[in-house]
Structure formats: C-alpha cells, structure tokens
Amino acid sequence: KKTRENQRDRAGVRRSSGSNEARARNGGRMQARAEIVPIRFDVEVDGKFLKDAFCWNAKESQEAVEEFVVGLIKDARLPQSFVAVMVDSMQRQINEFRMVEEKAKARALQETERLEVIKITLRCGTTSIQDSFVWDIFSKSEDDPELFARTLCRDLDLDERELAPLIAHKIREEVFNKKKELFALIQTPKSVGKGKKKAGLPAGRFAPQPRFKLGPVGVGGGIRHQSDQHSFETVVTHLTSEEAVLLDEEDEKRAVEVRQEAVAKKIQEIQEKSRKGKKLERDRMMKQQMNIGALPNTGWAWGSW
C-alpha cells in the first residue's frame, strides 16, 4: 500500500504539465496552446490496483496515449491486462474534457469572467493541505494553476517539487467539475411561471449566477467580510507516520467501496439492458403472431385440391 502511494506521488510530479519531465513523457510535443486535462486513475484489474493523478495534453494523438499507458504500466510493474482498461479510461476522460471545454468557450463569449470558490483537500506522505479560494473558471491562461501552486508552496515553506504538481492537478480537477456543474444546471429545465419551461427561453436568460461575486468598487470590492475569512484560511497539517498509515487505510476502504458501487451499477445497467432487449423481442414475436392470425381467409384449403 505504501509503495502504491509513493508511486502515485512520484507519478504526479513526473507527469505534471508544469514540469520538464512531463514534457519529455509526452514526447516533447507540448504545444503553445495546449489543452491540459486532469487525469485520475483508480483501477483494479485481476486483484491488482493502480492509483495515479497527472495532467495530459488533450491534443495528443491516440497513439501517444497508448504509448504513455504502456510506459506507465511498465514503470509500475503491472500486467499488460491493465493497458486496455487504462487507455479506455484515459480516452473517456479526454473526450469528456473536450466536450465541456467546447461549451465553456461558447459560454465565455457571453460571460467573460465567472468566479467560483475552489476547495482543495489533498495529502502527500505526512503532509495534509486544505484550502479554499476564489477562481475564475473561464480564465484563458494556461499556467495559472501551476503558478498558483508553486507560489502557495513557497509561501508556506512546503516541498514545491512534491506538492506543487498535486495542488495544480487538484485545482484543474475542481475547475473542471465546476464547469460540469454549471452546464448541468443550465441544461436542466426549471419551471418559469405556470406551465412554462426554461428550455424554450433565450440562452443565458435564466442561467445560474456565480455563488461568489466581487464588489463593484475595484480592489476594495474583493475584501472579504471578517466572518468569512476563516473559511479561506489555508490549513497545513503535519501528520505522524502512524496517523498517515491510518488515513491510508481509511482512503483504501473508501476506494474499495467506490469501486464496488461502480461494479454494482454496471451490472445493474447490463441487467436492465438485457431486460429491455428481452421485452422488445417478446413484443416483436407477439406482433408477428397477431399479424399471422389476422391474415384473410381465402376460402380454400390444400385438401380441396
């Protein structure tokens, strides 16, 4: 378990979009306008596990994804049966990111700035970090999460090499989740008056508003009320080795529960699909029988010949 945790931490550093080593792993093809995707793995195959979190350029080819996964499997000394599962997982995350980003680009034409409260909780070894801050989820700057993470580590005298890539990844992940939540709310029909639905109204008219908004008086408008300041305080906890091991065990239990729920949900979907298929087949056979029974009587029979 400790080995897997260490592998994950090293992987987060090695493949962070802000490091030179990540660029080497991506084949040196990081482009000027890269689309950075936060990727997360929590995979179990044949009783073996892999947890990893890193950033990837969505503009990379399918071949680059496969090459990367093969190298990752080799580094982690895992069986080749992981390759297909991880390639599929990674490609699905990339495709989902692309769809959300297309919506975000279109939305940003109407709403150039959207401030949301980002909350991060992560742990690397015996260091635990909790923080909350306001972030423009429509920001067009590529390296803001990496710059923010490095500055945070320097301000708090934390290990920049170990923690900054993990913090940057978590920020990107939370920003992505905020965008998904926003578009899910926009697409969900809500009642407007009596019997009217939002779906037929002009786009953006009833769009949800940001939960956090700076005041209209320049820099002074960004000053938080004293009662809210404790909610945005960075909390760094240095754990003992024993406490870290206990948290590892709790995290592993939660991860197992999540995987079991995912498997149960998949089985339920397969069973539901099978039931629908059988019902359609029964309906088709009944319809055929009804059509046969409804054939007109011609008034003659084979015996009459």
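Report on the accompanying structure. Note that the structure is predicted; figures quoted are calculated from it, not measured. (Residues numbered from 1 in each chain as written. Predicted model: local features only at pLDDT ≥ 70, side-chain atom pairs only at ≥ 80, totals over all residues. Heavy atoms only, no water.)

## Observations regarding the packing of aromatic side chains
Here is step 1 of the chain: Under the counting rule described, the total for this entry stands at seven aromatic pairs.
Here is step 2 of the chain: Aromatic side chains Phe 54 and Phe 68 sit 4.9 Å apart centroid to centroid with 55° between the ring planes, which places their arrangement in the tilted category. In this pair, Phe 54 is assigned in strand S2 (residues 48-57) and Phe 68 in helix H3 (residues 62-76), connecting sequence segments 14 residues apart.
Here is step 3 of the chain: On the basis of relative accessible area, Phe 68 is assigned to the buried category, the value being 3%.
Here is step 4 of the chain: Relative to Phe 176, the ring of Phe 97 lies with its centre 5.8 Å away and its plane at 35°, an arrangement referred to as tilted. Of this pair, Phe 97 sits in helix H4 (residues 81-110) while Phe 176 sits in helix H6 (residues 160-187), and the two are 79 residues apart along the sequence. (Phe/Tyr/Trp six-rings, centres within 6.5 Å; stacked < 30°, edge-to-face > 60°. Helix = DSSP H or I, 4+ residues; strand = E, 2+ residues; numbered from the N terminus. Buried < 20%, exposed > 50% of the residue type's maximum accessible area, 1.4 Å probe, protein only.)

## Quick look at the packing of H4 against H6
Here is step 1 of the chain: Interaxial distance between H4 and H6 falls to 10 Å at its minimum, and their mutual angle equals 70°. The orientation of H4 with respect to H6, classified from their angle, is roughly perpendicular. The way H4 lies across H6 gives a crossing that is left-handed. The segment H4 lies against H6, with Glu 96, Phe 97, Val 100, Glu 101, Lys 103, Ala 104 and Arg 107 engaging Phe 176, Lys 179, Lys 180, Phe 183, Ile 186 and Gln 187.
Here is step 2 of the chain: Residues of the contact of H4 with H6, tallied by class, amount to six nonpolar, one polar and six charged. (Axes fitted to C-alpha atoms, helices over the stretch in contact; angles between N-to-C directions. Parallel < 35°, antiparallel > 145°, perpendicular 65-115°, else oblique. Left-handed = near helix turned anticlockwise from the far one by under 90°. Contact = heavy atoms within 4.5 Å. Nonpolar A, V, L, I, M, F, W, Y, C, P; charged D, E, K, R; others polar.)

## Here's the deal with the side chain of Ser 128
Here is step 1 of the chain: Among the structural elements, Ser 128 can be located in strand S4 (residues 127-136).
Here is step 2 of the chain: Sequence-distant contacts of Ser 128, that is, excluding residues within four places in its chain, are made with Leu 122, Arg 123, Val 235, Val 236 and Thr 237.

## Some words on the environment of Asp 251
Here is step 1 of the chain: Looking at the secondary structure, you find Asp 251 in helix H7 (residues 241-293).
Here is step 2 of the chain: Looking at Asp 251, the relative accessible area reads 28%, which means it is partly exposed.
Here is step 3 of the chain: For Asp 251, the contacting residues outside a window of four places in its chain are Lys 51 and Arg 123.

## Considerations on unusual backbone geometry
Here is step 1 of the chain: For Asp 46, which is not glycine, the phi dihedral falls at a positive 55°.
Here is step 2 of the chain: Even without being a glycine, Asp 157 presents a positive backbone phi close to 55°.

## A few points about the sheet that holds S4
Here is step 1 of the chain: Spatially, the three strands line up as an open sheet ordered S3-S4-S5, and their pairing is antiparallel. Whereas interior strands pair on both sides, the edge strands pair on one side only; in this sheet they are strand S3 (115-124) and strand S5 (235-238). Strand after strand, the sheet turns through a mean of 15° between neighbouring axes, direction not considered.
Here is step 2 of the chain: Here S4 runs beside S5; their pairing, made up of four bridges, is antiparallel. (Pairing = 2+ DSSP bridges.)

## Comments concerning the pattern of salt bridges
Here is step 1 of the chain: Per the stated rule, a full pass over the model turns up 17 salt bridges.
Here is step 2 of the chain: The residue Glu 116 makes a salt bridge to Arg 114 at a minimum N-O spacing of 3.1 Å. Taken individually, Glu 116 and Arg 114 each receive the classification buried, so the pair is uniform in this respect.
Here is step 3 of the chain: Between Glu 146 and Arg 172 there is a salt bridge; the shortest N-O distance is 2.8 Å. Placement of the pair is Glu 146 in helix H5 (residues 144-155) and Arg 172 in helix H6, with a sequence separation of 26 residues.
Here is step 4 of the chain: Here the salt bridges do not stand alone but share partners, grouping Arg 40, Lys 170, Glu 173 and Glu 174 into one network. (Salt bridge = Lys/Arg side-chain N within 4 Å of Asp/Glu carboxyl O.)

## Examining the packing of H5 against H6
Here is step 1 of the chain: Where H5 contacts H6, the axes come no closer than 8 Å and their chain directions differ by 135°. Comparing their axes, H6 and H5 come out oblique. Crossing angle aside, the handedness with which H5 passes H6 is right-handed. In contact with Pro 145, Glu 146, Phe 148, Ala 149, Arg 150, Leu 152, Cys 153 and Arg 154 of H5, H6 contributes Glu 160, Leu 163, Ala 164, Ile 167, Ala 168, Ile 171 and Arg 172.
Here is step 2 of the chain: Of the residues belonging to the contact of H5 with H6, the class tally is 10 nonpolar, no polar and five charged.

Shape descriptors only; they carry no functional weight alone.
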